[in-house]
Amino acid sequence: MTMSDGFYFYPGCSYETAAGYKESVDAVCSRLDIRLEEVPGWNCCGSTAGFSLQGDYGVYHPALVMARASRAGAKELVTGCNGCFNTLRKTRKLLLQDQDLYARTRDKILQEGGPDSAPQLPVRHLLQVLSSRGKMHKSPLSPDMSGLRVAAYYGCLFSRPWTDVDDPEHPQMLDRYIEGLGFTPVNYSLKTACCGAAHALAYREQTEMLVERIIRSMQDKQADLAAVICPLCQLNLESAQLSLGLPRLPVLFFTQVAGLALGVPKKELGLDKLLIEPGKI
Amino acid sequence: MRFLHSHKTLEPEHQETLSRSFFQGRAGKEVQHCIQCGTCSGSCPLAGEMDLGPRRVLDLLRDGFMEDVLRSRTIWLCVSCNACLTRCPRGIPVPDVMYVLRVMALEHGLACRGYKMPDVYQGFLRQGEKRGRVSESRLAAGYGLLHPSDMPGRLSLALRLLRRRRI
């Protein structure tokens, strides 16, 4: 997958500061010969803040992202953040089903000096891209890792309506990916329960309660670590464990888990940035 | 029925205007299909923290009690996890209903006092518009200036993130 295939990467605002996400994505993609070219001059997608303060006109910022990518020659967008993923796919759907909203959004982009190109594109999650190359990951796990029980955590926005990429309540993509890498996926019930998202900033007690339920549910099924696919999920799942004083469960990005399976040296995976060190691996 | 907000300030005509404008929108039209089964409130991770909960919001909307809904904490507590939308037998986009109500509450100065999410969202969008992108640490710092009492509990996390070069 390269730029010439029309794939462009939309990192989103949380990507750079996420605990070893960028490091591990770079390491894994280079080993799988995937080149991720960033959307030139990308902007914040507005996330739920956009919709909360502007209703359906919250599509403006994500539409601008897609217009900029189209201008650069993108045929498809790839992102590694559930928030961006849902926002972009929702925007695309809303624009395709509402001509008036489409016209207004396009006009506003032009008025603000944005590019005169289609503000909608197909959007994929990085997990979909790596899953589709599952076979290329094949490498025997070292004996100390092969028994590891990994809890796949999808968070709330990956498979819910607007994205329609997997079963909304019982998604399987990450579980199968983890299994393909040689780890043991853990069957627990809160795979798509909400981590509290941005509410963690203002309503910490309420959202920590949500994380506690999720972490305990993983631990009840003897998980050794959690694999996540979104920077905000990672931060919330990790930080709440520390402030609540829960028995600790490391929370890794799925690309860090993939890197371990591919034999990437741990230093290259940014594991030292995790707040909860993965002692067992 | 006991209402949470005894100090009404909106004239009935004003409520009717708001109600009409709500039901003309995309989300409003969908609310007409609600069968009050309560699956939304049963699925909501934060229903226990809400004053009304989503089912009651939809009910009050159809009965025209716009002010009670617009002043509620419920419309701001929704985290947009879409669990309600996933399970709603009528496919009502409940989070989108909350968004429309948020916009309306802010426009008419009815957003419930002391509730902090508007500050988070406004800080987020302002930064996005000014800088194109949003930095979480700058967002947290801006929020901290508005709500200093929330900050002591956050300090240890900030230090931990700093130590691991995540800020």
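It should be noted that the structure appears before, not after, this text.
Quick caveat, the model's predicted, so the values are computed rather than measured. (Residues numbered from 1 in each chain as written. Chains lettered and ligands numbered in written order. Predicted model: local features only at pLDDT ≥ 70, side-chain atom pairs only at ≥ 80, totals over all residues. Heavy atoms only, no water.)

(A) How the structure looks around the overall build of chain B. Across its full length, chain B holds 11 helices and 0 strands. Along chain B, helices (α) and strands (β) appear in the sequence α-α-α-α-α-α-α-α-α-α-α when read from the amino end. Seen through its C-alpha atoms, chain B measures out along the principal axes to roughly 55 × 35 × 30 Å. When burial is assessed residue by residue, chain B has 48% of its 167 residues classed as buried. For chain B, contacts bridging at least 24 residues in sequence account for 65% of all contacts bridging at least 6. For chain B, the accessible surface area stands at approximately 8200 Å², while carbon and sulfur atoms represent 52% of it. When the 26 positive and 16 negative side-chain charges of chain B are each reduced to one mean point, those points stand 12 Å apart. (Helix = DSSP H or I, 4+ residues; strand = E, 2+ residues; numbered from the N terminus. Buried < 20%, exposed > 50% of the residue type's maximum accessible area, 1.4 Å probe, protein only. Contact = heavy atoms within 4.5 Å. Areas by Shrake-Rupley, 256 points an atom, 1.4 Å probe, with all protein chains shown as cover. Lys, Arg positive; Asp, Glu negative; His and termini not counted. Charge placed at Lys NZ, Arg CZ, Asp CG, Glu CD.)

(B) Representation of the packing of aromatic side chains in the model. A full pass over the atoms with the stated rule returns 11 aromatic pairs over all chains. Centre to centre, the rings of Tyr21 of chain A and Phe253 of chain A are 4.0 Å apart; their planes meet at 5 degrees, and the pair counts as stacked. On the criterion of sequence distance, the pair formed by Tyr21 of chain A in helix 1 (residues 21-31) and Phe253 of chain A in strand 7 (residues 251-253) is long-range, its members being 232 residues apart. By relative accessible area, Tyr21 of chain A is classed as buried at 0%. With 6.5 Å between their ring centres and 35 degrees between their planes, Trp76 of chain B and Tyr121 of chain B make a pair best called tilted. Pair noted here: Trp76 of chain B is in helix 6 (residues 74-77) and Tyr121 of chain B is in helix 9 (residues 117-131), with a separation of 45 residues, a long-range link. With respect to class, Trp76 of chain B is no different from Tyr121 of chain B; both count as buried. Positioned above the aromatic ring of Phe51 of chain A is the side chain of Lys90 of chain A, whose terminal nitrogen or guanidinium carbon lies 4.2 Å from the ring centre. Between Arg133 of chain B and the ring centre of Trp42 of chain A, over which it is positioned, the NZ or CZ distance is 3.6 Å. (Phe/Tyr/Trp six-rings, centres within 6.5 Å; stacked < 30°, edge-to-face > 60°. Lys NZ or Arg CZ within 6 Å of the ring centre and 35° of its normal.)

(C) Spatial organisation of the interface of chain A and chain B. Counting residues at the interface gives 54 residues for chain A, matched by 46 residues for chain B. Across the chain A to chain B interface the summed buried area is about 4600 Å²; carbon plus sulfur atoms make up 60%. Looking only at chain A, the three residues that lose the most surface to chain B are Leu53, His199 and Leu201 of chain A, adding up to 16% of its buried area. Where chain A touches chain B, the interface holds 6 salt bridges. A salt bridge links Arg166 of chain B to Glu238 of chain A; its shortest N-O distance comes to 2.9 Å. Counting across the interface, chain A meets chain B through 21 residue pairs in polar contact (both at pLDDT 80 or more). Sorting the residues of the side of chain A that touches chain B by element identifies helix 2 (47-54), helix 4 (82-97), helix 9 (199-202), helix 10 (204-220) and helix 11 (231-244) of chain A as the ones contributing at least two each. (Buried area = accessible area lost by both parts, 1.4 Å probe. Salt bridge = Lys/Arg side-chain N within 4 Å of Asp/Glu carboxyl O. Polar contact = N/O pair within 3.5 Å; in protein donor to acceptor, adjacent residues only side chain to side chain.)

(D) A look at the nonpolar core. All names here are of chain A. Among the nonpolar cores identified, the biggest contains 81 residues, and Leu77, Phe183 and Met218 are the most heavily contacted of them. In terms of domain composition, this core takes at least three residues from each of domain 1 (3-126) and domain 2 (136-273). Sequence-distant contacts of Leu77, that is, excluding residues within four places in its chain, are made with Tyr8, Tyr10, Val39, Val65, Met66, Ala69, Leu88, Leu121, Pro122, Val123 and Arg124. (Core = buried A, V, L, I, M, F, W, Y, C linked by side-chain atoms within 4.5 Å. Domains from an automatic or database assignment.)

(E) Representation of a nonpolar patch on the surface. Together, Leu159, Leu162 and Ile167 of chain B give the surface a local cluster of nonpolar side chains, amounting to about 280 Å² of exposed area. Tracing the backbone through its elements, the reader meets Leu159 of chain B in helix 11 (residues 152-163). (Patch = residues over 30% accessible without salt bridge, like charges linked within 9 Å, V, L, I, M, F, W, Y side chains within 5 Å.)

(F) Looking closely at the pairing of strand 6 (residues 225-228) of chain A. Residues and elements named next belong to chain A. Side-chain alternation along strand 6 places Leu225 and Ala227 on one buried face and Ala226 and Val228 on a second face that is also buried. Two strands pair when backbone bridges link them, and strand 4 (residues 149-153) and strand 6 are joined in this way by 4 bridges, in the parallel orientation. Among the inter-strand pairings, Tyr153 is bridged to a residue of strand 6, identified as Val228. Relative to strand 7, strand 6 is paired through 3 bridges, and the arrangement is parallel. Bridging from a neighbouring strand, Ala227 pairs with Leu252 of strand 7. With helix 11 bridging strand 6 and the parallel strand 7, this β-α-β connection has right-handed handedness. (Pairing = 2+ DSSP bridges. Right-handed = clockwise from strand over helix to strand, strands pointing away.)

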